[in-house]
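Residues per chain are reported as follows:
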Amino acid sequence: MPVHRSGLTRIPALVTAGAVLLAVLSLPGAAGATESAESAPSVPPRGTAHMGMGVAAHDGRGGLPTTRSTQTEGVDVSSHQGNVAWSTLWRSGVRWAYAKATEGTYYTNPYHSQQYNGSYDVGMIRGAYHFGTPDTGSGSAQADYFVDRGGAWSADGRTLPGVLDIEWNPYGDACYGKSPSAMVSWIRDFLDQYRYRTGRNAVIYTATSWWKQCTGNYAGFAATTPLWVARYASTVGELPAGWGTYAMWQYTSTGPTVGDHNRFNGTVDRVRTFALG
(Lines give C-alpha, C1' and ligand atoms only; values in the text may rest on other atoms or scores of the structure.)
Protein backbone atom coordinates (compact mmCIF):
# COMPACT_ATOMS: atom_id res chain seq x y z
CA MET A 1 0.00 0.00 0.00
CA PRO A 2 1.39 3.44 -0.86
CA VAL A 3 2.40 5.68 1.99
CA HIS A 4 0.73 9.11 2.10
CA ARG A 5 3.65 11.42 2.86
CA SER A 6 1.41 14.35 3.85
CA GLY A 7 -0.04 12.36 6.75
CA LEU A 8 3.40 11.39 7.99
CA THR A 9 4.61 14.98 8.03
CA ARG A 10 1.59 16.19 10.03
CA ILE A 11 2.09 13.76 12.91
CA PRO A 12 5.45 15.13 14.12
CA ALA A 13 4.09 18.67 13.79
CA LEU A 14 1.08 17.85 15.98
CA VAL A 15 3.29 16.13 18.54
CA THR A 16 5.61 19.15 18.66
CA ALA A 17 2.71 21.59 19.08
CA GLY A 18 1.22 19.44 21.83
CA ALA A 19 4.51 19.25 23.66
CA VAL A 20 4.90 23.02 23.57
CA LEU A 21 1.36 23.50 24.91
CA LEU A 22 1.95 21.02 27.75
CA ALA A 23 5.21 22.74 28.61
CA VAL A 24 3.53 26.13 28.81
CA LEU A 25 0.67 24.83 30.95
CA SER A 26 3.11 23.16 33.33
CA LEU A 27 4.96 26.41 34.04
CA PRO A 28 4.50 27.69 37.64
CA GLY A 29 1.54 30.04 37.89
CA ALA A 30 0.25 29.34 34.38
CA ALA A 31 -3.10 28.00 35.56
CA GLY A 32 -3.45 30.80 38.09
CA ALA A 33 -2.74 33.39 35.41
CA THR A 34 -5.55 31.92 33.28
CA GLU A 35 -7.98 31.98 36.19
CA SER A 36 -6.98 35.56 37.04
CA ALA A 37 -7.59 36.71 33.47
CA GLU A 38 -10.98 35.01 33.40
CA SER A 39 -12.04 36.55 36.75
CA ALA A 40 -10.78 40.08 36.02
CA PRO A 41 -13.61 42.64 35.78
CA SER A 42 -14.48 43.54 32.22
CA VAL A 43 -13.99 47.10 30.99
CA PRO A 44 -16.86 48.39 28.83
CA PRO A 45 -16.09 49.62 25.30
CA ARG A 46 -15.30 53.30 24.93
CA GLY A 47 -18.42 55.27 24.06
CA THR A 48 -20.83 53.21 26.18
CA ALA A 49 -20.69 55.40 29.30
CA HIS A 50 -23.86 57.12 30.41
CA MET A 51 -25.24 59.22 33.25
CA GLY A 52 -25.24 57.44 36.57
CA MET A 53 -23.19 54.50 35.34
CA GLY A 54 -21.38 54.18 38.68
CA VAL A 55 -23.89 55.67 41.12
CA ALA A 56 -25.54 52.49 42.38
CA ALA A 57 -22.21 50.66 42.69
CA HIS A 58 -20.56 53.45 44.70
CA ASP A 59 -23.46 55.06 46.57
CA GLY A 60 -26.04 52.28 46.66
CA ARG A 61 -29.80 52.62 46.53
CA GLY A 62 -32.06 53.90 49.29
CA GLY A 63 -35.65 53.95 48.07
CA LEU A 64 -37.63 56.43 46.03
CA PRO A 65 -38.73 60.00 46.82
CA THR A 66 -42.31 60.83 47.67
CA THR A 67 -44.50 62.69 45.18
CA ARG A 68 -43.92 66.44 45.07
CA SER A 69 -46.19 68.62 42.96
CA THR A 70 -43.62 71.43 42.83
CA GLN A 71 -41.10 69.29 40.93
CA THR A 72 -41.18 68.27 37.28
CA GLU A 73 -40.40 64.78 36.01
CA GLY A 74 -37.64 64.27 33.44
CA VAL A 75 -35.50 61.52 31.91
CA ASP A 76 -32.00 61.14 30.53
CA VAL A 77 -31.13 58.71 27.73
CA SER A 78 -28.16 57.48 25.74
CA SER A 79 -27.45 54.92 23.05
CA HIS A 80 -28.20 51.95 25.30
CA GLN A 81 -31.90 52.93 25.22
CA GLY A 82 -31.96 53.03 21.42
CA ASN A 83 -35.11 54.55 19.93
CA VAL A 84 -37.17 55.89 22.83
CA ALA A 85 -40.98 55.75 23.17
CA TRP A 86 -41.38 59.48 23.73
CA SER A 87 -45.18 59.50 23.47
CA THR A 88 -45.37 56.93 26.27
CA LEU A 89 -43.11 59.03 28.47
CA TRP A 90 -45.13 62.17 27.72
CA ARG A 91 -48.37 60.46 28.72
CA SER A 92 -46.72 59.33 31.97
CA GLY A 93 -45.99 62.95 32.93
CA VAL A 94 -42.40 63.40 31.75
CA ARG A 95 -41.92 66.98 30.56
CA TRP A 96 -38.18 67.35 29.98
CA ALA A 97 -35.34 65.18 28.72
CA TYR A 98 -31.61 65.08 28.13
CA ALA A 99 -29.97 62.91 25.47
CA LYS A 100 -26.30 62.00 25.42
CA ALA A 101 -24.62 63.67 22.46
CA THR A 102 -20.93 62.90 22.84
CA GLU A 103 -18.14 61.34 24.88
CA GLY A 104 -14.53 62.48 24.96
CA THR A 105 -13.49 63.55 21.47
CA TYR A 106 -14.11 60.12 19.92
CA TYR A 107 -17.79 59.22 20.21
CA THR A 108 -21.15 60.56 19.01
CA ASN A 109 -24.40 58.90 20.06
CA PRO A 110 -25.93 57.30 16.92
CA TYR A 111 -29.42 57.64 18.42
CA HIS A 112 -29.01 61.30 19.33
CA SER A 113 -31.26 62.62 16.55
CA GLN A 114 -34.19 60.33 17.45
CA GLN A 115 -33.78 61.05 21.14
CA TYR A 116 -33.13 64.79 20.97
CA ASN A 117 -35.67 65.62 18.25
CA GLY A 118 -38.17 62.95 19.29
CA SER A 119 -38.54 64.39 22.77
CA TYR A 120 -38.98 67.87 21.29
CA ASP A 121 -41.59 66.65 18.82
CA VAL A 122 -43.90 65.36 21.59
CA GLY A 123 -43.69 68.68 23.43
CA MET A 124 -40.82 68.19 25.87
CA ILE A 125 -38.15 70.72 26.75
CA ARG A 126 -34.90 68.99 25.93
CA GLY A 127 -31.14 69.28 26.05
CA ALA A 128 -27.93 67.35 25.41
CA TYR A 129 -25.14 66.08 27.62
CA HIS A 130 -21.48 65.19 27.24
CA PHE A 131 -19.77 62.37 29.13
CA GLY A 132 -16.43 63.88 30.10
CA THR A 133 -13.27 61.77 29.94
CA PRO A 134 -10.47 63.95 31.33
CA ASP A 135 -7.88 61.29 30.52
CA THR A 136 -8.41 61.51 26.74
CA GLY A 137 -8.30 65.22 25.92
CA SER A 138 -8.51 68.74 27.30
CA GLY A 139 -11.70 70.24 28.68
CA SER A 140 -11.84 72.88 25.96
CA ALA A 141 -11.37 70.33 23.17
CA GLN A 142 -14.19 68.21 24.56
CA ALA A 143 -16.46 71.25 24.92
CA ASP A 144 -15.88 72.08 21.25
CA TYR A 145 -16.53 68.50 20.22
CA PHE A 146 -19.79 68.56 22.20
CA VAL A 147 -21.04 71.89 20.83
CA ASP A 148 -20.25 70.86 17.25
CA ARG A 149 -22.13 67.54 17.56
CA GLY A 150 -25.44 68.31 19.21
CA GLY A 151 -24.58 70.19 22.39
CA ALA A 152 -25.28 73.76 21.27
CA TRP A 153 -27.91 75.95 22.93
CA SER A 154 -30.54 78.32 21.54
CA ALA A 155 -32.85 80.73 23.35
CA ASP A 156 -36.07 79.21 22.01
CA GLY A 157 -37.55 78.24 25.38
CA ARG A 158 -37.42 74.53 24.43
CA THR A 159 -33.66 73.93 24.56
CA LEU A 160 -31.92 73.32 27.89
CA PRO A 161 -28.28 74.26 28.47
CA GLY A 162 -25.66 71.61 27.82
CA VAL A 163 -24.51 69.32 30.62
CA LEU A 164 -21.06 68.09 31.57
CA ASP A 165 -21.50 64.59 32.99
CA ILE A 166 -18.47 64.18 35.25
CA GLU A 167 -18.43 61.07 37.43
CA TRP A 168 -16.64 57.77 38.03
CA ASN A 169 -14.50 56.61 35.14
CA PRO A 170 -15.98 53.32 33.86
CA TYR A 171 -12.81 52.58 31.89
CA GLY A 172 -10.19 52.86 34.64
CA ASP A 173 -9.12 55.01 37.58
CA ALA A 174 -12.14 56.71 39.20
CA CYS A 175 -10.58 60.17 38.90
CA TYR A 176 -9.09 59.61 35.42
CA GLY A 177 -5.58 59.72 36.87
CA LYS A 178 -5.92 63.37 37.91
CA SER A 179 -5.24 65.08 41.22
CA PRO A 180 -8.09 67.19 42.70
CA SER A 181 -6.50 70.42 41.50
CA ALA A 182 -5.92 69.04 38.00
CA MET A 183 -9.52 67.82 37.86
CA VAL A 184 -10.83 71.24 38.88
CA SER A 185 -8.70 72.84 36.15
CA TRP A 186 -10.03 70.40 33.56
CA ILE A 187 -13.65 71.08 34.52
CA ARG A 188 -13.07 74.84 34.45
CA ASP A 189 -11.53 74.50 30.99
CA PHE A 190 -14.67 72.73 29.74
CA LEU A 191 -17.09 75.20 31.35
CA ASP A 192 -15.22 78.27 30.10
CA GLN A 193 -15.13 76.98 26.53
CA TYR A 194 -18.78 75.98 26.56
CA ARG A 195 -19.77 79.45 27.77
CA TYR A 196 -17.54 81.05 25.13
CA ARG A 197 -19.13 78.97 22.36
CA THR A 198 -22.80 79.21 23.42
CA GLY A 199 -23.24 82.16 25.77
CA ARG A 200 -24.67 79.83 28.42
CA ASN A 201 -23.26 78.31 31.56
CA ALA A 202 -23.26 74.55 31.27
CA VAL A 203 -24.76 72.36 33.98
CA ILE A 204 -22.58 70.00 36.04
CA TYR A 205 -23.98 66.50 36.59
CA THR A 206 -22.17 64.62 39.35
CA ALA A 207 -22.53 62.65 42.57
CA THR A 208 -21.48 64.20 45.89
CA SER A 209 -19.20 61.30 46.85
CA TRP A 210 -17.34 61.44 43.51
CA TRP A 211 -17.04 65.22 43.75
CA LYS A 212 -15.47 64.92 47.20
CA GLN A 213 -13.08 62.20 46.07
CA CYS A 214 -11.94 63.68 42.78
CA THR A 215 -12.14 67.48 43.22
CA GLY A 216 -11.48 67.67 46.95
CA ASN A 217 -15.06 68.97 47.31
CA TYR A 218 -14.27 72.15 45.39
CA ALA A 219 -16.83 74.91 45.95
CA GLY A 220 -15.82 77.45 43.32
CA PHE A 221 -18.23 76.53 40.51
CA ALA A 222 -21.45 76.88 42.49
CA ALA A 223 -21.92 80.63 41.96
CA THR A 224 -22.39 80.32 38.20
CA THR A 225 -22.95 76.63 37.40
CA PRO A 226 -26.30 74.85 37.94
CA LEU A 227 -26.05 71.46 39.66
CA TRP A 228 -27.62 68.18 38.58
CA VAL A 229 -26.99 65.78 41.44
CA ALA A 230 -27.21 61.97 41.32
CA ARG A 231 -28.45 60.07 44.36
CA TYR A 232 -30.71 57.02 44.27
CA ALA A 233 -32.57 57.54 47.51
CA SER A 234 -35.72 58.98 49.05
CA THR A 235 -33.98 62.31 49.69
CA VAL A 236 -31.36 64.19 47.73
CA GLY A 237 -28.97 64.20 50.69
CA GLU A 238 -25.77 66.20 50.99
CA LEU A 239 -24.84 68.38 48.02
CA PRO A 240 -21.31 69.09 46.80
CA ALA A 241 -19.61 72.03 48.49
CA GLY A 242 -20.82 75.50 47.52
CA TRP A 243 -24.25 74.52 46.22
CA GLY A 244 -27.12 75.34 48.54
CA THR A 245 -29.68 73.86 46.15
CA TYR A 246 -29.87 71.80 42.96
CA ALA A 247 -31.49 72.36 39.57
CA MET A 248 -32.09 68.67 38.86
CA TRP A 249 -31.88 65.40 40.77
CA GLN A 250 -31.41 61.97 39.21
CA TYR A 251 -33.18 59.79 41.75
CA THR A 252 -33.31 56.36 40.06
CA SER A 253 -31.91 54.27 37.22
CA THR A 254 -34.82 51.81 37.32
CA GLY A 255 -37.78 53.98 36.33
CA PRO A 256 -40.59 53.14 33.89
CA THR A 257 -40.11 53.14 30.09
CA VAL A 258 -36.47 54.24 30.44
CA GLY A 259 -34.43 53.66 33.57
CA ASP A 260 -32.98 57.07 34.43
CA HIS A 261 -35.60 59.36 35.93
CA ASN A 262 -35.06 62.83 37.37
CA ARG A 263 -36.82 65.73 38.99
CA PHE A 264 -36.38 69.36 38.12
CA ASN A 265 -36.50 71.46 41.27
CA GLY A 266 -39.53 73.50 40.23
CA THR A 267 -42.69 73.50 38.15
CA VAL A 268 -42.71 73.11 34.37
CA ASP A 269 -42.85 76.91 34.08
CA ARG A 270 -39.52 77.01 35.92
CA VAL A 271 -38.13 74.49 33.45
CA ARG A 272 -39.10 76.82 30.59
CA THR A 273 -37.49 79.78 32.37
CA PHE A 274 -34.34 77.73 32.89
CA ALA A 275 -34.28 76.87 29.19
CA LEU A 276 -34.53 80.52 28.21
CA GLY A 277 -31.59 81.45 30.42
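Refer to the structure above for everything that follows.
Presented here is an overview of the structure given in this document.

About the criteria used
- Residues numbered from 1 in each chain as written.
- Predicted model: local features only at pLDDT ≥ 70, side-chain atom pairs only at ≥ 80, totals over all residues.
- Heavy atoms only, no water.
- Helix = DSSP H or I, 4+ residues; strand = E, 2+ residues; numbered from the N terminus.
- Areas by Shrake-Rupley, 256 points an atom, 1.4 Å probe, with all protein chains shown as cover.
- Buried < 20%, exposed > 50% of the residue type's maximum accessible area, 1.4 Å probe, protein only.
- Pairing = 2+ DSSP bridges.
- Salt bridge = Lys/Arg side-chain N within 4 Å of Asp/Glu carboxyl O.
- Disulfide = S-S within 2.5 Å.
- Contact = heavy atoms within 4.5 Å.

Attention now moves to the overall build of the protein. A tally of regular secondary structure across the protein gives nine helices and nine strands. In the structure as shown, the protein presents an accessible area of about 12,900 Å², 56% of it carried by carbon and sulfur atoms.

This next bit is on the pairing of strand S1 (residues 72–77). Burial analysis of S1 places six of its six residues in the buried class, which makes it a mostly covered element. Of the two faces of S1, the one holding Thr 72, Gly 74 and Asp 76 and the one holding Glu 73, Val 75 and Val 77 are both buried throughout. In terms of strand pairing, S1 meets strand S9 (residues 261–264) through four bridges, oriented antiparallel. Looking across to S9, one finds that Gly 74 is bridged to Asn 262. Here S1 pairs with strand S2 (residues 96–103) via four bridges, running parallel. The residue of S2 that forms the bridge with Val 77 is Ala 99.

Turning next to the pattern of salt bridges. Going through the model one piece at a time under the given rule, you end up with eight salt bridges. We note a salt bridge from Arg 263 to Glu 73, for which the minimum N-O separation is 3.9 Å. Placement of Arg 263 in strand S9 and of Glu 73 in strand S1 is noted, with a sequence separation of 190 residues between them. Across this residue pair, the class does not change: Arg 263 and Glu 73 are buried. In this structure, the salt-bridge partner of Glu 238 is Lys 212, at a minimum N-O distance of 2.9 Å. You can see Glu 238 sitting in the loop between strand S7 (227–230) and strand S8 (248–252) and its partner Lys 212 sitting in helix H8 (residues 208–215), a full 26 residues away along the chain. Residue Lys 212 is classed as partly exposed on the basis of its relative accessible area of 36%. It is possible to trace a salt-bridge network through shared partners that takes in Asp 144, Asp 148 and Arg 197.

Let us now look at the state of the cysteines. Chemically, a disulfide is nothing more than a covalent bond linking the sulfur atoms of two cysteines. With the rule as written, the count across this model stands at one disulfide. Linked covalently through their sulfurs, Cys 175 and Cys 214 form a disulfide whose S-S length is 1.9 Å. Around the S-S axis, the bridge from Cys 175 to Cys 214 shows a dihedral of about -75 degrees and counts as left-handed. You can see Cys 175 sitting in the loop between strand S5 (163–165) and helix H7 (180–198) and its partner Cys 214 sitting in helix H8, a full 39 residues away along the chain. We note that Cys 175, like Cys 214, is buried.

With respect to the helices and strands, Lys 178 occurs in the loop between S5 and H7. Looking at Lys 178, the relative accessible area reads 26%, which means it is partly exposed. Beyond its immediate stretch of four places on either side in the chain, Lys 178 contacts Pro 134, Met 183 and Trp 186.

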